Amino acid sequence: MYRFTEDCLTGIAQIDKEHETLFELINNMMDLLQNELLQDKYHQVRDALDTLKEYADTHFANEEAYMAAINDPELTIQKKQHIAFREKINIMDFSSIDELESQHNTLEELLRYLTRWLYQHILSSDIIIGKMPPIEEWHQKQNPCIFTEKYRIGIPLIDGEHETLFEIIGEANQLVKEELLHDKYDEIINILEKLKNYTNEHFRDEEEYMESINYPGLEAQKMAHKAFVTKLEEIDLEQMDQNQQVYLEELMEFLFGWLSNHILKSDKLIAEYGVLS
C-alpha cells in the first residue's frame, strides 16, 4: 500500500485531491495483482490501468490549465514530464504476453515505475506549483536567494547546511545577472557539480539526524531528497548549452523554489518533532 503523505500536499485543493486519487488507483491495481483468489485478475488489472491512464490525462490537463492561468514558469517542464509518463504507459504491451508469470512480472514492474514516478514528480515538481514569483518580480530583486530567519528550523547543523545551499544557488543568480558574459557553460557546470556534491552531503547529514531521533517522516523525506537529486542528474546539458540564459533562469527558479518550499513545509517539521519527543 502506497501512502499519500503530507509531504505530497501542494496546498492546491483540486491538485491534491487528484494526486490522492492517483495513489488510490495505483493501490487498487496492486490489490488486484496480489489477489490470488481472482480468476481473471490480469484482465481486471488491465482495465484498472485503462482507468488510471484516463484519469491521469484528466489530471494533467487540469494541472496544466491551472499553471497556465497563474503563468507558472514551470509549465513547459511539467508538460514534458507528463508526456514522458504517457509514453511509458503506452509502450507497455500486455496483449502479446501469454504466460501468467510474465504478465505478473510486467505489471509489477509497471506499478513500481508508476509509484516511483508519481512520488518523484510530486515532490520535485508539483510541490512548487504557484510558489515562484513571476520572472519579472524575480529579476527586480538583487539577490532573492538570501537565507533569512524564516528558513531557520532551529537545528544548527541543518541550518548551516541550508544556508550554504542558498549561497550556491545565489551563485547561479549572479550568473543570470552577468550580462557581459555570453558563454556561461563552464560556470554553470561548476555550480551544478558543487550543488550536486553538497546536496548529497547535506541530505546524508539530515537523514542521519532524523534517524537519530526516530523521526516518523524519514521515508517521505528520503523520497523527496531522491526526487531532487534525480532532477539534478537529469539536467539536459545539451539543451542548456543551446540556450544558456533562459535555461539558467528556469533552473535557478526551480532550485530556489524547491529548496525554500521543502525547508518551510518539510524540514521545519523535523525540529518540531525533536522538541516534542
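The structure under discussion appears in the preceding block.
Quick caveat, the model's predicted, so the values are computed rather than measured. (Residues numbered from 1 in each chain as written. Predicted model: local features only at pLDDT ≥ 70, side-chain atom pairs only at ≥ 80, totals over all residues. Heavy atoms only, no water.)

1. Section: the nonpolar core
Move 1: Judged by nonpolar contacts, the single largest core of 73 residues is most densely connected at L52, L114, I169, L255 and W258.
Move 2: Elements represented by at least two residues in this core include exactly α1 (13-34), α2 (41-69), α3 (75-90), α4 (100-124), α6 (156-177), α7 (185-212), α8 (218-233) and α10 (244-276).
Move 3: Per-element tally for this core: the top contributor is α10, with 12 residues.
Move 4: Counting residues in hydrophobic clusters, the runner-up holds 5 residues, among them I15, M67, L75 and I129. (Core = buried A, V, L, I, M, F, W, Y, C linked by side-chain atoms within 4.5 Å. Buried < 20%, exposed > 50% of the residue type's maximum accessible area, 1.4 Å probe, protein only. Helix = DSSP H or I, 4+ residues; strand = E, 2+ residues; numbered from the N terminus.)

2. So, the packing of α1 against α2
Move 1: Axis separation between α1 and α2 bottoms out at 10 Å; the angle between their running directions is 170 degrees. The angle between α1 and α2 falls in the class roughly antiparallel.
Move 2: For the contact of α1 with α2, the residue count by class is 15 nonpolar, 7 polar and 3 charged. (Axes fitted to C-alpha atoms, helices over the stretch in contact; angles between N-to-C directions. Parallel < 35°, antiparallel > 145°, perpendicular 65-115°, else oblique. Nonpolar A, V, L, I, M, F, W, Y, C, P; charged D, E, K, R; others polar.)

3. What to know about the pattern of salt bridges
Move 1: For the structure shown, the criterion picks out 6 salt bridges.
Move 2: Among the ionic pairs, K194 bridges to E171, the shortest N-O distance being 3.0 Å. Taken together, the residues span a long stretch of sequence, with K194 in helix α7 and E171 in helix α6 at a distance of 23 residues.
Move 3: The class for K194 is partly exposed, based on a relative accessible area of 38%.
Move 4: Exposure remark for E171: the relative accessible area of 32% places this residue in the partly exposed category.
Move 5: Taken together, the shared-partner salt bridges connect E149, R152 and E163 into one network. (Salt bridge = Lys/Arg side-chain N within 4 Å of Asp/Glu carboxyl O.)

4. Comments concerning the environment of L114
Move 1: Turning to its location among the elements, L114 is positioned in helix α4.
Move 2: For L114, a relative accessible area of 0% gives the class buried.
Move 3: L114 sits 26 residues away from K88 along the chain, and the two C-alpha atoms are 9.1 Å apart.

5. Considering the packing of aromatic side chains
Move 1: The tally for this structure, following the rule as stated, stands at 12 aromatic pairs.
Move 2: On the numbers, 6.1 Å between centres and 65 degrees between planes, the contact of F60 with W117 is edge-to-face. Within this pair, whereas F60 is found in helix α2, its partner W117 is found in helix α4, the two being separated by 57 residues in sequence.
Move 3: Judged by its relative accessible area of 2%, F60 falls in the buried class.
Move 4: Geometrically, the ring pair formed by F85 and W117 is tilted, given 4.5 Å between the ring centres and 45 degrees between the ring planes. In this pair, F85 is assigned in helix α3 and W117 in helix α4, connecting sequence segments 32 residues apart.
Move 5: You can call W117 buried: its relative accessible area is 13%.
Move 6: Counting every residue linked through ring pairs, the aromatic cluster contains F147, Y151, F166 and F256. (Phe/Tyr/Trp six-rings, centres within 6.5 Å; stacked < 30°, edge-to-face > 60°.)

Keep in mind that these numbers describe shape and distance, not what the molecule does.
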